[in-house]
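The chain contents come next:
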Amino acid sequence: MTDERPLLVFFSSERSGPARRMESLLAHLERKERQRLRVRRVDDAANPDLARRFRVEIVPTLVLVKEGRAVSRLDGRTSAPKIEAMLAGHLPELAAA
């Protein structure tokens, strides 16, 4: 069975202060939205082909992948409200308990 939740790819680097500062924000988002969203961290220096494929020019960069294609992105350090706005409309509704 495949996981159909959207995937948020976090391109970062150990050398990037802004990326390190966003780490706690991403960890919180990952916990909060774990039923509706997958989060993967990618070190751009260790994965240059993947960074090139997604046209990552600066870190941090967030790329939202849905159904196998990039549907939205945020380049550079960003805030929780901007990330939530990017995700709005892309996350599946949770079933009522």
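Residues numbered from 1 in each chain as written. Predicted model: local features only at pLDDT ≥ 70, side-chain atom pairs only at ≥ 80, totals over all residues. Heavy atoms only, no water.

(A) Focus on the overall build of the chain. Tallying secondary structure elements over the chain gives 3 helices and 4 strands in all. The linear arrangement of helices and strands in the chain, starting from the amino end, is β-α-β-α-β-β-α. Against the compact-globule benchmark of 13 Å for 97 residues, the chain has a radius of gyration of 13 Å, which places it among compact chains. The principal-axis extents of the C-alpha atoms in the chain amount to approximately 45 × 25 × 20 Å. Counting the 97 residues in the chain, one finds 38% classified as buried. Within the chain, contacts between residues separated by at least 24 positions form 62% of all contacts whose residues are at least 6 apart in sequence. Element-wise, carbon and sulfur atoms account for 49% of the exposed surface of the chain, whose accessible area totals about 6,400 Å². Of the side chains in the chain, 19 bear a positive and 14 a negative charge, and the two mean positions are spaced by 2 Å. (Helix = DSSP H or I, 4+ residues; strand = E, 2+ residues; numbered from the N terminus. Rg over C-alpha atoms; globule rule 2.2 N^0.38 Å. Buried < 20%, exposed > 50% of the residue type's maximum accessible area, 1.4 Å probe, protein only. Contact = heavy atoms within 4.5 Å. Areas by Shrake-Rupley, 256 points an atom, 1.4 Å probe, with all protein chains shown as cover. Lys, Arg positive; Asp, Glu negative; His and termini not counted. Charge placed at Lys NZ, Arg CZ, Asp CG, Glu CD.)

(B) Looking closely at the sheet that holds strand E1 (residues 7-12). Pairing is mixed in the open sheet, where 4 strands are placed in the order E2-E1-E3-E4. The open sheet has two free edges, formed respectively by strand E2 (38-43) and strand E4 (69-75), since each of these has just one partner strand. Ignoring which end each strand starts from, the neighbouring axes of this sheet average 20° apart. Where strand E3 (residues 61-66) lies against E4, 6 bridges are found, and the strand directions are antiparallel. The residue of E4 that forms the bridge with Lys66 is Arg69. This element, helix H1 (residues 17-32), spans E1, E2 and E3 of the sheet and lies at about 165° to E1. Packing against the sheet, helix H3 (residues 80-87) makes contact with E1, E3 and E4, and its axis sits at approximately 160° to E4. (Pairing = 2+ DSSP bridges. Axes fitted to C-alpha atoms, helices over the stretch in contact; angles between N-to-C directions.)

(C) Structural detail: H3. Those residues of H3 lying buried are Ile83, Met86 and Leu87. Buried residues of H3 fall within an arc of 95° about the axis and therefore sit on the same side. Away from its buried face, by an angle of more than 90 degrees, H3 presents the exposed residues Pro81, Lys82 and Ala85. For H3, the secondary structure elements touched by its buried residues are E1, H1, E3 and E4. (Arc of directions from axis to C-beta.)

(D) Structural view of the packing of H1 against H3. Between H1 and H3, the shortest axis-to-axis distance is 11 Å and the interhelical angle comes to 40°. Relative to H3, the element H1 lies oblique. Every pair of crossing elements has a handedness; the one defined by H1 and H3 is right-handed. Residues Met22, Leu25, Leu26, Leu29 and Lys32 of H1 form the contact with H3, whose own contacting residues are Ala80, Ile83, Glu84 and Leu87. Counted by class, the contact of H1 with H3 contains 7 nonpolar, no polar and 2 charged residues. (Parallel < 35°, antiparallel > 145°, perpendicular 65-115°, else oblique. Left-handed = near helix turned anticlockwise from the far one by under 90°. Nonpolar A, V, L, I, M, F, W, Y, C, P; charged D, E, K, R; others polar.)

(E) Structural view of the side chain of Ser16. Considering the arrangement of structural elements, one finds Ser16 in the loop between E1 and H1. Among the residues examined, Ser16 registers a relative accessible area of 7% and is labelled buried.

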